[in-house]
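In case you want the letters, here they are:
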Amino acid sequence: MRDFVGTSTLVRLALRRDRVLIPLWVVVFMATAAGSAKASIDVFPDVQSRVEAANTTNASPALLSLYGRIFDPTSLGEVSLFKLTNFGALLVGLLAAILVNRHTRGEEETGRLELLSAGVLGRYAALTASLIVASGTVILLGLFSALGLIGAGLPATGSFAFGLTWAAAGLAFAGVSALVVQLTENARTATGMTAVVLGVAYVLRAIGDSSASGSSEWVSWLSPIGWTQQIRPFAGDRFVVALLPIALLAVLVVAAFALLRRRDIGAGLVRPRPGPPVAARSLRSPLALAWRLQRGALYGWSAAFLLLGLIVGNIASNVDGFVTSDSAKELVQKLGGVEGITDAFLATETGLLGLLASAFGIQAALRLRSEETALRAEPLLATGVTRTRWLSSHVLIALLGTTLLALLGGLGSGISSGASLGNMGHQIPRLLAAAAVQLPATWLVTALVILLFGALPRAVTAAWFLYGLFLLVGEFGSVFNLPESVMNLSPYAHTPRLPGGDFSATPLIWLLAITAALTAAGYTTFRRRDIG
């Protein structure tokens, strides 16, 4: 048991470090599930409206690929939450993987784990503590989500099955991350590898669900996300299926402990190749270095946004058949703020793509703090590189990256909706314009990170808290009947609802002015503080 000595201490340390982020994400997931259920209960008031929506969904390969199959068309709970079942499982899996990575490979990369190991700390303590924290988080997340659904008026058994779906996905990918962090010595590479596994799992589930006449349904069973979908909350509640992801977790954890024995602290089983002795000319600038550090993530995000845009545009051509009841049309129009139901759907989904693009902006800007705490920024700034040039290099990548992602989402939506509706030349410019008006709000969120990095570097991760707050207030404020003054706190509440809505440049000018002021304040405070 001496290999586990110090586990409880590391658990307490991890919980203290994540005392804001973990409760925040639990609340975000719970509120998302409960808010969606509460809104959808009114949208599908009778069996006929649910059956029509389910039949439309199950007949559309694009909807099946994105959200999964509806197994019981008469079930209020399943029809209300089918959009969140698999997509939420994907996000919970990512959250669990990030937690394991953060408290294992991340600690080794910064050297903190080696320092702690100089005391009384067992070989398995860090990995065990990270798995306890990640597993406890996803279990609590699933439990509170279930309680939120019960509070929204859904049956208790199905609600707990839904919570188990999310928790089981989190447990499976906590195990995947535990294994992956043994392979590489870089935390970002480990996160990227886990994200690839998550993506492959989601694609396998999508292939199985969208196959014609169910001929390839077995492919879905190759995916942990496909397993959790087969729990079928509100459509049979097959709790026993959760044993599959739990068994996967057990196997992966045993393998991770075995591999941990075969490597040194700070090293990975796959050794990185040594780089060339002299950097290429294209790398001899801060901007080139920032691009090299962030290009892999941007490539992945770009591919995902183009794919999401194509799927959203394809779904738009079927949205009239999906939203049949008057209350459903009223809800979509309320979210979109326009008259046409297809335009309202596209405006809502384009707004969501803009909100997702903000997540890349936060991630890219947070790289500044990672470089600083990893002691890579200080040697760079000791050369002829000024603080402003170094800061600008990462800020430029963050702003241009969010711009690229938003426009790719709009382009994909325009191409697929134009192809479906037969007016591509009309749809592409409209959807590109709809994507472009999201940019001031996404840039403002990035500017908040720059300000926090300059003024309060230790609190820079609070940007994720603000992002979650904007998400809840901006996207679900109307569902929860929040006062308009509260919803206006979100920058996304001020973007024009395009396509189809009224356009006004005034709110965009204000958003740009606030962005410029926040960015300037971030630059000023960064120049006046110490590095580190």
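The name an unreviewed UniProt entry assigns to the protein is ABC-2 type transport system permease protein, from the organism Kribbella italica.

1. Regarding the overall build of the protein
Each helix and strand counted, the protein has 23 helices and zero strands in total. For 532 residues, the compact-globule formula gives about 24 Å, and the C-alpha radius of gyration of the protein, at 23 Å, lands near that figure. Counting over 532 residues, the protein shows a buried share of 52%. With the model as given, the accessible surface of the protein reaches about 22,800 Å², and the carbon-plus-sulfur share is 66%.

2. Observations concerning the domain arrangement of the protein
Per the domain assignment, the segments making up the protein are domain 1 (7-261) and domain 2 (286-528). A separation of 25 Å is found between the C-alpha centroids of domain 1 and domain 2.

3. So, a nonpolar patch on the surface
A cluster of nonpolar side chains, namely Leu140, Leu143, Phe144, Leu147, Ile150, Phe160 and Phe239, defines an oily patch on the protein surface of about 560 Å² accessible area. Here Leu140 shows up in helix α8 (residues 125-152). By relative accessible area, which is 42% here, Leu140 ends up partly exposed.

4. Considering the side chain of Thr184
For Thr184, the position within the fold is in the loop between α9 (156-180) and α10 (187-210). What makes Thr184 buried here is its relative accessible area of 10%. One polar contact links the side chain of Thr184 to the main-chain amide nitrogen of Asn186, over a distance of 3.2 Å. When near neighbours in sequence (up to four residues on either side) are disregarded, Thr184 contacts Arg105, Thr189, Ala190, Met193 and Gly268.

5. Quick look at helix α20 (residues 439-455)
Side chains of residues three or four places apart in an α-helix project in the same direction, reflecting 3.6 residues per turn. Its 17 residues give α20 an end-to-end C-alpha distance of 24 Å, which sits within 8% of 24 Å, the value for a rise of 1.5 Å per residue. With 14 of its 17 residues buried, α20 lies for the most part within the structure.

6. Comments concerning the pattern of salt bridges
Applying the stated rule across the entire model yields 13 salt bridges. The salt bridge partner of Arg263 is Glu108, with a shortest N-O separation of 2.9 Å. With Arg263 in the loop between α12 (243-260) and α13 (286-316) and Glu108 in helix α6 (residues 105-110), this residue pair connects regions lying 155 residues apart in the sequence. The class of Arg263 is buried, set by a relative accessible area of 6%. Among the residues examined, Glu108 registers a relative accessible area of 11% and is labelled buried. The network of salt bridges with common partners includes Arg17, Glu107 and Arg112.

7. Describing the packing of aromatic side chains
One pass over the full model with this rule turns up 15 aromatic pairs. Ring centres 6.0 Å apart and planes at 75° place the aromatic pair Phe4 and Phe257 in the edge-to-face group. With Phe4 in the segment before α1 (7-17) and Phe257 in helix α12, this residue pair connects regions lying 253 residues apart in the sequence. What makes Phe257 buried here is its relative accessible area of 15%. Taking the centre distance of 5.9 Å and the plane angle of 35° together, the rings of Trp390 and Phe526 count as tilted. Of this pair, Trp390 sits in helix α18 (residues 387-421) while Phe526 sits in helix α23 (residues 505-528), and the two are 136 residues apart along the sequence. Assigned by exposure class, Trp390 and Phe526 land together as buried. By way of ring pairs, the aromatic residues Trp25, Phe29, Phe162 and Trp166 are connected into one cluster. Lying across the ring of Tyr202, Arg205 places its NZ or CZ 4.6 Å from the centre. Above the face of the Phe71 ring, Arg232 is positioned so that its terminal group lies 3.9 Å from the ring centre.

8. Concerning the nonpolar core
With 43 residues, the main nonpolar core has Leu81, Leu127, Leu131, Leu141, Leu149, Phe162 and Trp166 as its most contacted residues. Elements with a contribution of two residues or more to this core: α1, α2 (21-43), α5 (76-102), α8, α9 and α12. By residue number, the principal contributor to this core is α8, which donates eleven residues. In contact with Trp166, not counting residues within four places along its chain, are Phe29, Ala33, Leu84, Thr85, Gly88, Ala89, Val92, Leu141 and Ser145.

9. Some remarks on the side chain of Ser80
By the secondary structure assignment, Ser80 is in helix α5. Judged by relative accessible area, which is 5%, Ser80 ranks as buried. Ser80 has contacts with Ser36, Ser40 and Ile41, leaving out every residue within four places of it along the chain.

10. Looking at the packing of α18 against α23
Between two packed helices, what matters for the description is the angle formed by their axes and the separation of those axes. Remark: α18 packs on α23, axes separated minimally by 10 Å, with the N-to-C direction vectors making an angle of 140°. One finds that α18 runs oblique with respect to α23. In this structure, α18 crosses over α23, and the sense of that crossing is right-handed. Judged by residue contacts, Arg387, Thr388, Trp390, Leu391, Ser392 and Val395 of α18 engage Tyr523, Phe526 and Arg527 from α23. Residue composition of the contact of α18 with α23, grouped by class: five nonpolar, two polar and two charged.

Cut-off values and rules
- Residues numbered from 1 in each chain as written.
- Predicted model: local features only at pLDDT ≥ 70, side-chain atom pairs only at ≥ 80, totals over all residues.
- Heavy atoms only, no water.
- Helix = DSSP H or I, 4+ residues; strand = E, 2+ residues; numbered from the N terminus.
- Rg over C-alpha atoms; globule rule 2.2 N^0.38 Å.
- Buried < 20%, exposed > 50% of the residue type's maximum accessible area, 1.4 Å probe, protein only.
- Areas by Shrake-Rupley, 256 points an atom, 1.4 Å probe, with all protein chains shown as cover.
- Domains from an automatic or database assignment.
- Patch = residues over 30% accessible without salt bridge, like charges linked within 9 Å, V, L, I, M, F, W, Y side chains within 5 Å.
- Salt bridge = Lys/Arg side-chain N within 4 Å of Asp/Glu carboxyl O.
- Polar contact = N/O pair within 3.5 Å; in protein donor to acceptor, adjacent residues only side chain to side chain.
- Contact = heavy atoms within 4.5 Å.
- Expected span 1.5 Å × (residues − 1).
- Phe/Tyr/Trp six-rings, centres within 6.5 Å; stacked < 30°, edge-to-face > 60°.
- Lys NZ or Arg CZ within 6 Å of the ring centre and 35° of its normal.
- Core = buried A, V, L, I, M, F, W, Y, C linked by side-chain atoms within 4.5 Å.
- Axes fitted to C-alpha atoms, helices over the stretch in contact; angles between N-to-C directions.
- Parallel < 35°, antiparallel > 145°, perpendicular 65-115°, else oblique.
- Left-handed = near helix turned anticlockwise from the far one by under 90°.
- Nonpolar A, V, L, I, M, F, W, Y, C, P; charged D, E, K, R; others polar.

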